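# Structural overview
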Amino acid sequence: MSITSLWVVVEPSQDSFTTTSLELLSHARSLATNVSAITWGSGATFAAQAGEYGAMTLYDVGALDGSLPGVPVASAIAALVQSAGAPDAILVPTSYDGRDIAGRLSARLDRPVLTNVTGLSDEGGLVTEHPVFGGTQTVKARFTGEGPGIIVVRAKSFVSESAGASTAAVVAAPVGETANTASARIANSHVEERTGPKLEDAAVVVSGGRGLGEAEKYSMIEEAAKLLNGAPGASRAIVDAGWVPYSYQVGQTGKTVKPTVYIACGISGATQHMVGMKGSKNIVAINKDADAPIFQIADFGIVGDVHKVLPALIEVLKTRA
Amino acid sequence: MNVVVCVKQIPDPAAPQSLDASHNLDRSGKLILDEADTYGVEMALQLVDKAGSGEVTVVSMGSASDVAGLRNALAMGAAKAVIVSDDSLRGSDSLGTAKVLAAVIGRDMPDLILCATESSDGYTGTTPVQLAELLGLPSVTFAKSVVVEGGSLKVDRQTEAGYDEVTSPLPALVTVTAGVVEPRYASFKGIMAAKNKPVEVLSVADLGLAGAVGQAGARQEITEVVAAESRQAGEKYVDEGDGAEKIVAFLESIKVL
Ligand SMILES: Cc1cc2nc3c(=O)[nH]c(=O)nc-3n(C[C@H](O)[C@H](O)[C@H](O)COP(=O)(O)OP(=O)(O)OC[C@H]3O[C@@H](n4cnc5c(N)ncnc54)[C@H](O)[C@@H]3O)c2cc1C
Ligand SMILES: Cc1cc2nc3c(=O)[nH]c(=O)nc-3n(C[C@H](O)[C@H](O)[C@H](O)COP(=O)(O)OP(=O)(O)OC[C@H]3O[C@@H](n4cnc5c(N)ncnc54)[C@H](O)[C@@H]3O)c2cc1C
């Protein structure tokens, strides 16, 4: 059975869809001739972008009036499956709202979800790839029952590429029955100021771990990142310790990054950290323990004290700035 | 206020893990309480304490051959535990798991259900929201803080850009992130008391779910497990005061500088 139709949930952000949404659209169009996208909020204003990346139709759920997206978007998709017919599968980006939408939709349609997917191919039906045990092994899986299966894909699994196609036709997709489930509402949004490139888009990522010793020393990571035009990242150990916000975390439960160079400072290289950064083009590690696991995947390693190497690096970079 | 915390007993994540012949996670060794769930247990205990009445129940699906993890939650202060244990549940997917949890929790709806944002072993992160939908409840995922006030819920929810203040009526389901609260260590008194607290063991038949859950209901299968591409270690130098210059030279060689 070949794949004819795929739906992709595309998440609006400030002035475009999120990068992961575009990665999914790009890949979907390589697998199916008929690709539709589903969005909400300001998403319909980016119909040209949805079309450019491969969607012929952009279903618009519209304004959510403060509701969290999970319930209304899932209910609109469930209604669409009824009215427009089921696609072969529905692709959803791994994100806070993406996971909510996938979970709600799965229970509503009584269809399974495959999550943490990093690869998707057509082998006489869709086959998903999931990294397990810190990315040392890959599990391949497929749906066995009636579709549409729901596939939640991690960031950076595919390359986002414009197809140069024309704008997508916007079609309204009204919210269906939600009973009492849509009653969680956003009262206020807080934006934490961050300057410089975004962690998941930066060409250079400088990350710090517990080896920095104390929260104040994280400023060295920020300074080095800034001088390299990069973004600062972190291991979970220092996120849990409250040194930096969760949005800085790289790894299995954090972000996936694939920069040109990833510089790990005082990070041991736990499997759950490595699964989020081992796709980087180059990896540099600074660690005082010559046997730290991070050195097993580092292209360039310095066995040394971050409190000496980092200040020296910052000095050299300053003289070149 | 009554709070249910969904907790999972898992193989120690620090020990080497493997898949068995039928591609399920090998769970034959000792099981522990998933650390990710200790935050929910602590949060629940604090909320019930603040409300001044009610109790915390932990609900789990998995093998009851070892319930040390549940005893751990009871020793922290939960009043009772319910575990659904059945050979037919091996190979459940997340929706099947949610159906089992919904059947247990739906018997006596609490005011609040707490889960972790994702477990440490399967980490699909979808079970809690599936559970909320099956129970017809609102949900707020990725909570950094949870306050109950006048019968409704106030949650700070992690977002890409920062956080949102979210309100919801009760009953509701909330998933908490690691680090929201500092989980307490069980006291000696708590550990002794836990020995006499009820642990109810249920089967799939007890819940009337036979045939709908477990591998039979999973509708997805692992076709293959292959070794992932591995990276090779490159050059490594001991810093002799020249580490920074060496890094700069490397960055130049890859044209980052
Ligand atoms: C389910 C689950 C999910 C997880 N998800 C993630 C995730 O998404 N991301 C993540 O990062 N972790 C994750 N973890 C945690 C992970 O297992 C590790 O605990 C964590 O990555 C360790 O962080 P670290 O390397 O900073 O700390 P440590 O492991 O404590 O390492 C500190 C390192 O610093 C070195 N060091 C100490 N002092 C110095 C010095 N002066 N100079 C140079 N080096 C020094 C030490 O040699 C050591 O190698 C997860 C764990 C679980 C169980
Ligand atoms: C490596 C691996 C990959 C997998 N991939 C998939 C997949 O893609 N799709 C799929 O459907 N299944 C998958 N599974 C199976 C899935 O992990 C199990 O079905 C599991 O029972 C459900 O969830 P989880 O551990 O992923 O839970 P999560 O959704 O990550 O758990 C979040 C929270 O839900 C609650 N919870 C979850 N399970 C239980 C439980 N048994 N008892 C009590 N509370 C619980 C806990 O509060 C937990 O912290 C995978 C399993 C493994 C080992």
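All values reported here derive from a predicted model rather than from experimental measurement.

Here the focus is the sheet that holds strand S14 (residues 261-265) of chain A. Taken together, the six strands give an open sheet; going across it, the order is S13(A)-S12(A)-S14(A)-S15(A)-S16(A)-S13(B), and neighbouring strands pair in parallel fashion. Every other strand in the sheet has two partners, leaving strand S13 (231-234) of chain A together with strand S13 (235-238) of chain B as the edge strands with one partner each. If you compare each strand with its neighbour and ignore which way they point, the axes differ by 15° on average. In terms of strand pairing, strand S16 (residues 300-303) of chain A meets S13(B) through four bridges, oriented parallel. By the bridge assignment, A:Phe300 is partnered in S13(B) with B:Glu235. Together, strand S12 (204-208), S13 and S14 of chain A form the strand contacts of helix H5 (residues 218-227) of chain A, whose direction differs from that of S13(A) by roughly 145°. Packing of helix H7 (residues 243-253) of chain B onto the sheet brings it into contact with S14, strand S15 (282-287) and S16 of chain A together with S13 of chain B, and relative to S16(A) it is tilted by some 175°.

Inspection of the entire model under this criterion finds 24 salt bridges over all chains. Residue A:Arg104 pairs with B:Glu133 through a salt bridge whose shortest N-O separation is 2.8 Å. Taken together, the residues span two chains, with A:Arg104 in helix H4 (residues 96-109) and B:Glu133 in helix H4 (residues 127-135). No difference in accessibility class separates A:Arg104 from B:Glu133, as the two residues are buried. B:Glu252 serves as the salt-bridge partner of A:Arg320, at 2.7 Å between the closest nitrogen and oxygen. Residue A:Arg320 is found in helix H8 (residues 306-320), and its partner B:Glu252 is found in helix H7; the two belong to separate chains. Judged by relative accessible area, A:Arg320 falls into the partly exposed class, the value being 40%. The structure contains a network of salt bridges with shared partners spanning A:Asp97, A:Asp100 and B:Arg157.

What follows is about the packing of aromatic side chains. Between two aromatic rings, the relevant description is the distance of the centres plus the angle of the planes. Tallied over the entire structure, the rule returns seven aromatic pairs over all chains. Between A:Phe300 and B:Phe250, the ring centres sit 4.8 Å apart and the planes meet at 20°, which makes this aromatic pair stacked. Separated into two different chains, A:Phe300 in strand S16 and B:Phe250 in helix H7 make up a pair that spans both. Residue B:Phe250 is classed as buried on the basis of its relative accessible area of 9%. Grouped by ring-pair contacts, the aromatic residues A:Tyr96, A:Tyr246 and B:Phe142 constitute a single cluster. The lysine or arginine in question, B:Lys246, covers the ring of B:Tyr237, its NZ or CZ lying 4.8 Å from the ring centre.

Taken together, 26 residues lie around ligand 1, and A:Ser235, A:Val250, A:Thr253, A:Ser268 and A:His273 are the ones closest in. Looking at the residues close to ligand 1, they fall on chains A and B. With respect to ligand 1, the backbone of A:Arg236 contributes an N or O atom lying 2.9 Å from an oxygen atom. Side-chain polar atom of A:Gln272 to an oxygen atom of ligand 1: 2.8 Å apart, as the coordinates give it. Coverage of ligand 1 by the protein amounts to 82% of the 990 Å² it exposes when considered alone. Across the shell around ligand 1, the residue classes tally to five nonpolar, 16 polar and five charged.

Moving on: the sheet that holds strand S6 (residues 119-122) of chain A. Reading across the sheet, the four strands line up as S6(A)-S7(A)-S8(A)-S12(B) and stay open at both edges, with antiparallel pairing between neighbours. Only two strands of the sheet have a single partner each, and these edge strands are S6 of chain A together with strand S12 (220-227) of chain B. The sheet shows a mean angle of 25° between the axes of neighbouring strands, direction not considered. Relative to strand S8 (residues 137-143) of chain A, strand S7 (residues 126-132) of chain A is paired through five bridges, and the arrangement is antiparallel. Opposite A:His130, over in S8(A), you have A:Val139 as the bridge partner.

Okay, the site of ligand 2 next. Inspection of the region around ligand 2 gives 30 residues, with B:Cys6, B:Lys8, B:Asp37, B:Ser92 and B:Ser119 positioned closest. The site occupied by ligand 2 is bordered by residues of chains A and B. The backbone of A:Val113 places a nitrogen or oxygen atom 2.8 Å from a nitrogen atom of ligand 2. In this structure, an oxygen atom belonging to ligand 2 sits 2.8 Å away from a side-chain N or O atom of B:Thr127. Relative to its unbound accessible area of 930 Å², ligand 2 is 91% covered by the protein chains. Listed by contribution, the elements that provide at least two residues to the shell around ligand 2 are strand S5 (113-117) and S7 of chain A together with strand S4 (56-61), helix H3 (94-105), strand S6 (112-116) and H4 of chain B.

Attention now moves to the confidence of the model for chain B. Taken as a whole, chain B shows an average pLDDT of 93; of its residues, 100% reach a score of 70 or greater. Scoring the predicted complex yields pTM 0.94 and, for the interface, ipTM 0.94.

Moving on, we get to the state of the cysteines. Residue and element names in this part refer to chain B. Per the stated rule, a full pass over the model turns up zero disulfides over all chains. We note that Cys-115 lacks a disulfide partner, and the nearest cysteine sulfur, in Cys-6, lies 3.7 Å from it. Cys-115 gets classed as buried once you look at its relative accessible area, which sits at 6%.

Attention now moves to H7(B). Residue and element names in this part refer to chain B. Among all positions in H7, only Gly-243, Ala-244, Ile-247, Val-248, Phe-250 and Leu-251 are buried. Taken end-on, H7 shows its buried residues confined to a sector of 160°, consistent with a single buried face. Looking at the residues trailing H7, positive phi occurs at Lys-255, about 65°.

So, how was this worked out
- Numbering of residues starts from 1 in every chain and runs along the sequence as written.
- Starting at A for chains and at 1 for ligands, labels are handed out in the order in which the entities are written.
- Only residues with pLDDT of at least 70 get local features here, since the model is predicted, and only at 80 or more are side-chain atom pairs given and counted; chain-wide, interface and lining totals rely on the full set of residues.
- The side-chain numbers reported here are obtained from all heavy atoms of the structure, hydrogens and water having been left aside.
- At least two DSSP bridges between two strands are required for those strands to pair.
- Elements are defined by DSSP. Helices are runs of H or I of four residues or more, strands are runs of E of two residues or more, and each kind is numbered from the N terminus.
- Structural elements are reduced to axes, namely lines fitted to C-alpha atoms, with helices fitted over the stretch in contact, and the angle between N-to-C directions of any two is expressed from 0 to 180 degrees.
- Only heavy atoms enter the contact rule, under which two residues are in contact if any of them lie within 4.5 Å.
- Each reported salt bridge corresponds to a side-chain nitrogen of Lys or Arg within 4 Å of a carboxyl oxygen of Asp or Glu.
- Exposure categories follow from relative accessible area, calculated using a 1.4 Å probe and restricted to protein chains: below 20% of the type maximum is buried, above 50% is exposed, and the middle band is partly exposed.
- Working definition: a ring pair exists when centres of Phe, Tyr or Trp rings (six-membered ring for Trp) sit within 6.5 Å. Plane angles under 30 degrees give stacked, over 60 give edge-to-face, the rest tilted.
- We call a charge positioned above a ring when the Lys NZ or Arg CZ atom is no farther than 6 Å from the ring centre and deviates by at most 35 degrees from the ring normal.
- To be near a molecule or strand, a residue needs just one of its heavy atoms within 4 Å of it.
- As used in this structure description, the phrase polar contact means that two N or O atoms lie within 3.5 Å; if the pair is within protein, one of them must be able to donate a hydrogen and the other to accept it, and residues adjacent in sequence are counted only when both atoms belong to side chains.
- Accessibility throughout is a Shrake-Rupley quantity obtained with a 1.4 Å probe, and a residue counts as covered only by protein chains that appear here.
- Nonpolar residues are Ala, Val, Leu, Ile, Met, Phe, Trp, Tyr, Cys and Pro. Charged residues are Asp, Glu, Lys and Arg, and all others, Gly as well, are polar.
- Think of pLDDT as the predictor's per-residue confidence, scored from 0 to 100.
- For the purposes of this analysis, a disulfide is any pair of cysteine sulfur atoms at a distance within 2.5 Å.
- Note that the arc is computed from the directions linking the helix axis to the C-beta atoms.

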